[in-house]
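The chain contents come next:
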Amino acid sequence: MLQIGYTDKIFFKMSRYYHVLGMVLDAFVVIITALLTAVLYLRNTPETVNIGLAIMASIISFFNTFVNFEKRALEFENAGDAYNSLLKEFRDFYSLELTGQDNTNGKAMERFEQLSSRQRELNELTPATSDLIARRVKHEEVMQSIEVQEGELRPLLED
């Protein structure tokens, strides 16, 4: 459950990074375009400055469109939601089925296998993380933000 919680938080952090990168690039394009408009209005700047600003705006805009940071941010957010849902199901399984009075091993193992299978499917379907962005994630912050109940932590401490 700890691993699923960690993955959930990482995907949300990755989503935020991609969203911010997209916004920063959009802001650069707006600033450069506004600067180019002002320079053209004043009509007293060299042509190379005008061309340079236009080229910079088009390169940044092309890069932002090509990489599509907003789409990537949405993919990571959806993956985070899916892992969050899986984490809740594992917690319910742990608290209701494993610690409940009416527990039969066969039924519990079948449910555990279903949840494990869903986790494997999510691992295959979720977007790959970029090393460039992943290096920026502070793993200590992620670990501190994971809510772990005492019963979930006990097996980890016993190993």
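Owing to the predicted nature of the structure, the values given are computational and were not obtained by experimental measurement.

A. Structural context of the nonpolar core. Judged by nonpolar contacts, the single largest core of 25 residues is most densely connected at Ile4, Tyr18 and Leu86. Among the elements of the structure, helix H1 (2-42), helix H2 (47-67), helix H3 (69-98) and helix H4 (105-125) are those that each provide at least two residues to this core.

B. The arrangement of the pattern of salt bridges in detail. Applying the stated rule across the entire model yields one salt bridge. The partner of arginine 72 in a salt bridge is glutamate 75, with the nearest N and O atoms 3.3 Å apart. Taken together, the residues span about one helical turn, with arginine 72 and glutamate 75 both in helix H3 at a distance of three residues. Owing to a relative accessible area of 22%, arginine 72 belongs among the partly exposed residues under this scheme.

C. Seen up close, the confidence of the model for the protein chain. The pLDDT averaged across the protein chain works out to 76; a share of 68% of its residues lies at or above 70. The secondary-structure element of the protein chain with the lowest mean pLDDT is helix H7 (residues 150-158), recorded at 47, while H2 shows the highest, at 91.

D. The arrangement of the environment of leucine 115 in detail. Within the secondary structure, leucine 115 is located in helix H4. Along the backbone, leucine 115 and phenylalanine 93 are 22 residues apart, and their C-alpha atoms lie at a distance of 9.0 Å. Leave out the neighbours within four places in its chain, and leucine 115 touches Leu86, Glu89, Phe90 and Phe93.

Here is what the cut-offs are and how they apply
- Residues numbered from 1 in each chain as written.
- Predicted model: local features only at pLDDT ≥ 70, side-chain atom pairs only at ≥ 80, totals over all residues.
- Heavy atoms only, no water.
- Core = buried A, V, L, I, M, F, W, Y, C linked by side-chain atoms within 4.5 Å.
- Buried < 20%, exposed > 50% of the residue type's maximum accessible area, 1.4 Å probe, protein only.
- Helix = DSSP H or I, 4+ residues; strand = E, 2+ residues; numbered from the N terminus.
- Salt bridge = Lys/Arg side-chain N within 4 Å of Asp/Glu carboxyl O.
- pLDDT = per-residue confidence, 0-100.
- Contact = heavy atoms within 4.5 Å.

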